[in-house]
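# Structural features, examined
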Amino acid sequence: MKVPGKLTKTEGILLLLGVLFLAALAALYVHMSETAEGTDYTITTARQPEEPVTPEPAPLVDVNTASLEELDTLHGIGPALAQRIIDYREANGPFTTAEDLLEVKGIGEATLAGFRDEITLGNGPEGEEIETAEEHAA
């Protein structure tokens, strides 16, 4: 039976542990305060700007020798249009200018403008150099 105003053994131990914990916490606080005095440091969260990454230019696609898969990589050209380019090339010979591609059904001015910088016309008959997309733009 508990006597009023008197602590049990368990309550006494818990009270003692609480007091010891608070004393240790106070000692740690004082120690850390003394250690931090005179410490001069700055913490920043701003990130340094990354250097811009310049992608390597993709190799030009030679419309006179490219496979269906290579032509399919051009902007605005899907497999069906790539096959039409190959069929036109086989029926009419190599393209001599980029504008010759306008003769292929499904390629208009806007489509040609979308991939003009991605193509080359390679070498023509007898090894004559044919205009490239870069030369055309110059």
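Residues numbered from 1 in each chain as written. Predicted model: local features only at pLDDT ≥ 70, side-chain atom pairs only at ≥ 80, totals over all residues. Heavy atoms only, no water.

Bringing the pattern of salt bridges into the picture now. Evaluation of the coordinates by the stated rule reveals one salt bridge. In this structure, Arg 116 and Glu 99 form a salt bridge, with 2.9 Å as the shortest nitrogen-oxygen distance. Of the two residues, Arg 116 sits in the loop between helix H4 (109–115) and strand S2 (119–120) while Glu 99 sits in the loop between helix H3 (79–92) and H4, which places them 17 residues apart along the sequence. Judged by relative accessible area, which is 30%, Glu 99 ranks as partly exposed. (Salt bridge = Lys/Arg side-chain N within 4 Å of Asp/Glu carboxyl O. Helix = DSSP H or I, 4+ residues; strand = E, 2+ residues; numbered from the N terminus. Buried < 20%, exposed > 50% of the residue type's maximum accessible area, 1.4 Å probe, protein only.)

Applying the stated rule across the entire model yields one aromatic pair. With centroids separated by 5.6 Å and ring planes inclined at 10 degrees, the aromatic side chains of Tyr 88 and Phe 95 adopt a geometry described as stacked. By relative accessible area, which is 24% here, Tyr 88 ends up partly exposed. (Phe/Tyr/Trp six-rings, centres within 6.5 Å; stacked < 30°, edge-to-face > 60°.)

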